[in-house]
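Understanding the architecture of this molecule
Here's the letter readout for the chains.
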Amino acid sequence: MTTQEILEAARGAKTAVALSDSGTRDSALLGMADALCAPESMDAILAANAEDMAAAKGRISDVMLDRLALTPQRIEAMAKGIRDVAALPDPVGRVLSRIERPNGLVIEKTAVPMGVIAIIYESRPNVTSDAAALAIKSGNACILRCGKEAWRSANAIVQALRQGLRANGLPETAVCLIEDTTHASANALMTAVGYVDLLIPRGGAGLIRACVENAKVPCIQTGTGICHIFVDDTADQTKALDIIENAKASRPSVCNAEEVCLVHSAIASEFLPKLAQRLGPDRTAKGLHPVELRLDERAASLIPGTPAGPKDFDTEFLDYILAVKVVDSVEEAIAHIAAHSTGHSEAILTRTDAHAALFTAAVDSAAVYVNCSTRFTDGGEFGLGCEMGISTQKLHARGPMGLGELCSYKYIIHGNGQTR
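Now for a quick tour of the structure. (Residues numbered from 1 in each chain as written. Predicted model: local features only at pLDDT ≥ 70, side-chain atom pairs only at ≥ 80, totals over all residues. Heavy atoms only, no water.)

**Some remarks on the overall build of the protein**
Broken down by element type, the protein carries 15 helices and 16 strands. Taken against the 2.2 N^0.38 rule, which gives 22 Å for 420 residues, the C-alpha radius of gyration of the protein at 23 Å falls within 12% of a compact globule. In terms of overall dimensions, the protein has a C-alpha envelope of 75 × 65 × 35 Å along the principal axes. Within the protein, buried positions represent 52% of all 420 residues. (Helix = DSSP H or I, 4+ residues; strand = E, 2+ residues; numbered from the N terminus. Rg over C-alpha atoms; globule rule 2.2 N^0.38 Å. Buried < 20%, exposed > 50% of the residue type's maximum accessible area, 1.4 Å probe, protein only.)

**What about the packing of aromatic side chains?**
Overall, the coordinates contain one aromatic pair when judged by the stated rule. When the ring of tyrosine 409 is compared with that of tyrosine 411, the centres are 5.9 Å apart and the planes differ by 85°; the resulting orientation is edge-to-face. The exposure class assigned to tyrosine 409 is partly exposed, which follows from its relative accessible area of 42%. Among the residues examined, tyrosine 411 registers a relative accessible area of 48% and is labelled partly exposed. Directly above the aromatic system of tyrosine 409 lies the positively charged group of lysine 109, at a separation of 4.2 Å from the ring centroid. (Phe/Tyr/Trp six-rings, centres within 6.5 Å; stacked < 30°, edge-to-face > 60°. Lys NZ or Arg CZ within 6 Å of the ring centre and 35° of its normal.)

**What to know about the sheet that holds strand E10 (residues 306-307)**
Strand order across the open sheet formed by seven strands is E10-E9-E11-E8-E7-E12-E13, with parallel pairing between neighbours. The open sheet has two edge strands with one neighbour each: E10 and strand E13 (367-370). Packed onto the sheet, helix H11 (residues 265-279) meets strand E7 (227-231), strand E8 (258-264), strand E9 (292-295) and strand E11 (321-327) and runs at close to 140° relative to E8. (Pairing = 2+ DSSP bridges. Contact = heavy atoms within 4.5 Å. Axes fitted to C-alpha atoms, helices over the stretch in contact; angles between N-to-C directions.)

**Remarks on the nonpolar core**
Membership of the largest hydrophobic core comes to 73 residues, with the highest contact counts inside it found for Leu36, Ile143 and Leu144. Setting aside anything within four residues of it in sequence, one finds leucine 144 in contact with Ile119, Tyr121, Thr128, Ala131, Val158, Val175, Cys176, Leu177 and Ile178. (Core = buried A, V, L, I, M, F, W, Y, C linked by side-chain atoms within 4.5 Å.)

Here it is in structure tokens:
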């Protein structure tokens, strides 16, 4: 189908999904999860993913290949995510507020579906099922546009998901996958006024910038994460090493991975050698990929590493690379974050309550942590089932976007003959 035909099909499906009851949508979600794990679907998805992986090798990094790769366990996890969404309360029709006026009018602010939600994303096949599940649960149709590296995988996933929709009386075109992976289809979604009610880009800075600059439909900025961890002078250093290794190295290709470590000068000479040992030789000895440290001048005077370049504190590495800077106070750490953050996730590691309070109040990001890893910025970890993306803006949605963020609202007013 052409992109225009897909736009028309999704628009045609949105009313049926919006008017369906909660039981029908939940049954469809459970059917979608079961279809993903059916032997024939599992085989088809893995075969398609193998083709994607073979075509991508040598063209994208190893950590990006890991984002692309599917296994039976990852497909089972995708199905579990769908089932988790099905188990959540229905957001549609929820009364957000109720006011009874002196004249007897009852005014209810009521959650309603957006309509058609378009998602532009890159080489993460699991986004396909997450986005579809959240859209259906919240009464929306969705149009998925993945990167070319993941198209075969996404297509096989969508074919399975549509089985669950058909079996439960919902139109299969409530979940559509764009077939054209050129820039033309992305531009078509950005300008699909009258067809797309909300556009959500999930990807790197270039994609986000293109959508913000060119979209004529409502658009939410998501994803890009230059995430900071500040190690204060009173931090528990043993816990800090665990947190930093997890935040940087557990899955460096995701947006909630740490990219910058700020260390208080009062402990830098003691802590930085421990950090270098933990992320370098200790990981190598365990057969794990070491982390390259990009050091500012003060850090470089204390430990070996690569001198930080002018862009290293403004780069989402998505790799085993960590920029390190020494600062003299919590205030300096906050100022650095204000100058370089993308508004995603930041953390302070401290045992000083006043510093934690100042940091959480002053740092203007979607998620601000005290004494834990930034890797928790995730819809599943926040109890949302899964997520449509991490919003780094402030209007309408901020942080992990779950069901509530995929609904708009309207006012429903009940009267008994009142006139004005």
